[in-house]
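This is what each chain is made of:
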Amino acid sequence: MYGKTICIIVFFVFLIASYSIYMGTVDPTPYFTQLQSLPRGISSSPCNSSTISPQPLRVFMYDLPRKFNIAMMDPHISDVEPISAKNLPPWPQTSGIKRQHSVEYWLMASLLHNGEGEREAVRVFDPESADAFYVPFFSSLSFNTHGKNMTDPDTEFDRLLQVDLMEYLENSNYWQRSGGRDHVIPMTHPNAFRFLRQQVNASILIVADFGRYPKEMARLDKDVVSPYVHVVESFREDGVSVGVGDGDDDSTPDPFEARGTLLYFRGNTVRKAEGRIRLKLEKLLAGNSDVHYEKSVATTQNIKVSTEGMRSSKFCLHPAGDTPSSCRLFDAIVSHCIPVIISDKIELPFEDEIDYSEFSVFYSVKEALEPGFILDNLRQFPKEKWLKMWANLKNVSHHFEFQYPPKREDAVNMLWRQVKHKIPNVKLAVHRNRRLKVPDWWL
């Protein structure tokens with residue numbers, strides 16, 4: 001019995017000694033350190049590569065012939081020298097209403113910028129390392145320049161540009177590899193790229209809304225809704241007005257009382273589709289001393305008048321134009337005038353990050369056409385609520401600024417962030433397409 005006990009004791013002594021020797025030669029610290037360094041909720045599995053990277057979106061920009069972009073701004077620019085931050089022409093100050101469709105220019109400019117600062121997207125020159133491919137075709141400017149009258153032969157050059165572009169892209173290995181799914185193509189004018197849209201319906205489209213596109217071509221799950229580039233001057237963030245007369249700023253102690261007009265609208269009242277509501281609203285709102293509702297066309301002088309009118313109004317009316325959205329909404333935002341949005345089908349930029357109900361008022365078309373409904377609501381609007389919405393509006397207005405060089409969380413960076421959100425679905429579609437025998441078999 002004692003011998004058996006002694007054997008058990010010897011065995012455990014031997015086991016402990018062996019373990020001590022082993023632990024003396026192996027350092028477990030790296031293993032435990034690695035586990036402790038993982039964020040909470042993330043396992044050590046290599047399959048967690050799907051987590052969103054904090055790195056900027058890597059974008060390869062095609063070096064298209066100048067006729068597709070800046071030659072529309074400056075026909076004398078060299079077609080040999082690569083476009084860079086040094087030779088990129090500034091967007092013309094006298095472009096007038098064309099400015100609202102210049103998103104394509106600002107996206108291109110942001111990729112040329114190589115200065116410091118936080119950016120959501122950076123240009124890469126190796127297409128193999130790119131997350132997305134930017135196609136710098138100024139499709140909106142092309143329509144405004146070559147096809148504005150919507151009739152042949154005026155539109156022929158615009159059509160030929162689209163034909164040439166598609167030939168260029170379809171010869172690209174990277175377009176062929178993804179079917180164009182990871183290519184970013186801006187077309188914010190409702191008539192941009194109108195001849196060959198169906199050939200780019202798999203790409204990430206940068207659009208102002210979906211008013212002119214069939215669902216099989218443009219939709220929220222793959223495309224990005226962009227703000228129009230505002231055409232009125234902005235209030236600077238420090239509260240000092242820009243481009244208007246002295247004293248016309250929003251740093252007054254009581255902005256609610258300082259804005260003497262209740263509701264402001266100035267613009268074209270003859271529109272298509274949902275925009276026909278503008279004529280009906282004119283009849284409903286006419287004759288009210290606290291409402292300014294005026295038919296107008298966009299000229300340099302009229303834009304200045306609209307700037308002053310929006311800055312002196314509590315609410316700015318935003319009915320649909322030819323499509324559900326219009327530039328007027330973003331003019332109101334940078335004028336710190338609470339938008340009154342009337343549309344049943346509008347889609348808004350950056351809505352996954354921005355809650356428009358915190359600084360805008362919404363009415364359906366049916367509500368808007370009920371006599372007295374809008375004015376009764378706005379006249380009874382609590383001052384405290386208006387002041388809170390006005391403060392919220394000032395806090396978000398920088399998200400709607402297009403500028404060069406781009407600044408943190410301005411419109412350009414917000415758009416690239418939206419593109420980045422689409423990339424996981426793009427990769428899913430590309431990977432599935434490579435192995436499926438029957439595409440989209442579940443539909």
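Definitions and cut-offs
Residues numbered from 1 in each chain as written. Predicted model: local features only at pLDDT ≥ 70, side-chain atom pairs only at ≥ 80, totals over all residues. Heavy atoms only, no water. UniProt positions renumbered as here; feature names shortened; annotations may be inferred. Helix = DSSP H or I, 4+ residues; strand = E, 2+ residues; numbered from the N terminus. Buried < 20%, exposed > 50% of the residue type's maximum accessible area, 1.4 Å probe, protein only. Polar contact = N/O pair within 3.5 Å; in protein donor to acceptor, adjacent residues only side chain to side chain. Disulfide = S-S within 2.5 Å. Pairing = 2+ DSSP bridges. pLDDT = per-residue confidence, 0-100. Contact = heavy atoms within 4.5 Å. Axes fitted to C-alpha atoms, helices over the stretch in contact; angles between N-to-C directions. Parallel < 35°, antiparallel > 145°, perpendicular 65-115°, else oblique. Nonpolar A, V, L, I, M, F, W, Y, C, P; charged D, E, K, R; others polar. 1 Å grid on protein atoms, 1.4 Å probe; cavity = no way out; pocket = protein on both sides within 12 Å on 5 of 7 lines; lining within 4 Å. Points joined across faces, edges and corners; volume = space filled by probe spheres on them. Expected span 1.5 Å × (residues − 1). Phe/Tyr/Trp six-rings, centres within 6.5 Å; stacked < 30°, edge-to-face > 60°. Core = buried A, V, L, I, M, F, W, Y, C linked by side-chain atoms within 4.5 Å. Domains from an automatic or database assignment.

Per an unreviewed UniProt entry, the protein goes by Exostosin GT47 domain-containing protein and derives from Brassica campestris. Comment text from UniProt for the protein, heading Sequence similarities (unreviewed entry), reads "Belongs to the glycosyltransferase 47 family." What UniProt records for the protein under Subcellular location (unreviewed entry) is the sentence "Golgi apparatus membrane".

Now for the side chain of R278. Among the secondary structure elements, R278 is positioned in helix α8 (residues 277–285). Take R278: its relative accessible area is 3%, and that puts it in the buried class. Of the polar contacts made by the side chain of R278, one reaches the backbone oxygen of A320; its length is 3.0 Å.

Our focus in this paragraph is the state of the cysteines. In total, this model carries one disulfide according to the counting rule given. The side chain of C316 participates in a disulfide bridge whose partner is C337; the two sulfur atoms lie 2.2 Å from each other. The disulfide joining C316 to C337 has a torsion of about 110 degrees about its S-S bond and is therefore right-handed. Of this pair, C316 sits in strand β9 (residues 313–319) while C337 sits in the loop between α10 (328–334) and β10 (338–342), placing them 21 residues apart in sequence. For the pair C316 and C337, one class covers both residues: buried.

Let's shift gears to the sheet that holds strand β2 (residues 121–123). Strand pairing in a sheet is mediated by backbone hydrogen bonds. Such pairs are either parallel or antiparallel. Reading across from one edge, β2-β1-β3-β4-β5-β6 is the order of the six strands in this open sheet, with parallel pairing throughout. Strands at the two margins of the open sheet, each flanked by one partner only, are β2 and β6 (224–225). Pairing analysis gives three bridges linking strand β1 (residues 57–61) to β2, with the strands arranged parallel. Residue pairing in the sheet places R58 in a bridge with V122 of β2.

Right, let's get into the confidence of the model for the protein. Overall, the predicted model of the protein reaches an average pLDDT of 84, with 83% of residues at or above 70. Low confidence marks residues 19–52, where pLDDT is under 50. Its contacts with residues over four positions away, or in another chain, come to six contacts. Contacts of residues 239–248 to residues separated by more than four positions or lying in other chains number 20 contacts, the stretch itself having pLDDT below 50.

Turning our eyes to something else, we now look at the packing of helix α4 (residues 139–146) against helix α5 (residues 156–170). Contact pair α4 / α5: the axes reach a minimum separation of 8 Å and the direction vectors enclose 155 degrees. With respect to α5, the axis of α4 lies roughly antiparallel. Here α4 contributes S142, F143 and H146 to the contact with α5, which in turn contributes F157, D158 and L161. A per-class count over the contact of α4 with α5 returns three nonpolar, two polar and one charged.

Counted under the stated rule, the structure contains one cavity of 30 Å³ or more. Empty space within the largest cavity amounts to approximately 30 Å³. Along the walls of the largest cavity sit T188, H189, P190, A208, D209, R212, Y213, Y228 and T323, which together make up its complete lining. Tallied by class, the residues present in the lining of the largest cavity amount to four nonpolar, three polar and two charged.

Take unusual backbone geometry next. Residue P405 follows Y404 across a cis peptide bond; omega there is -5 degrees. Among the structural elements, P405 can be located in the loop between α13 (383–396) and α14 (411–435). Of note in this structure, H336 is not a glycine but carries a positive phi near 60 degrees. Mapped onto the fold, H336 is located in the loop between α10 and β10. Given a relative accessible area of 3%, H336 falls into the buried group. The residue E409 is not glycine, and still its phi comes out positive at about 60 degrees. With respect to the helices, strands and loops of the structure, E409 is situated in the loop between α13 and α14. When its relative accessible area of 24% is taken as the criterion, E409 is described as partly exposed.

Let us now look at the environment of K407. The topology assignment puts K407 in the loop between α13 and α14. Once the C-alpha coordinates of K407 and S110 are considered, the two residues, 297 residues apart in sequence, prove to be 9.6 Å apart.

Over its twelve residues, helix α9 (residues 300–311) runs 17 Å from end to end, which matches the ideal 16 Å to within 8%, given 1.5 Å per residue. All of the buried residues along α9 are N302, I303, S306, T307, G309, M310 and R311. Where the residues of α9 are buried, they touch β7 (261–267), β9 and α10.

A full pass over the atoms with the stated rule returns 21 aromatic pairs. Look at W91 and Y105: their rings are 5.4 Å apart centre to centre, the planes differ by 55 degrees, and that puts the pair in the tilted class. With W91 in the loop between β1 and α3 (103–112) and Y105 in helix α3, the pair connects residues that are 14 residues apart, well separated along the chain. Residue W91 is classed as buried on the basis of its relative accessible area, which comes to 7%. Here Y105 falls in the buried class, since its relative accessible area comes to 3%.

The next thing to look at is the nonpolar core. Counting 110 residues, the largest nonpolar core has M187, L263, F315 and W416 as the members making the most contacts within it. The residue makeup of this core includes at least three contributed by each of domain 1 (57–229 + 404–435) and domain 2 (255–399). If you look at the next biggest cluster of nonpolar residues, it comprises five residues, including Y264, M310, A332 and C337.

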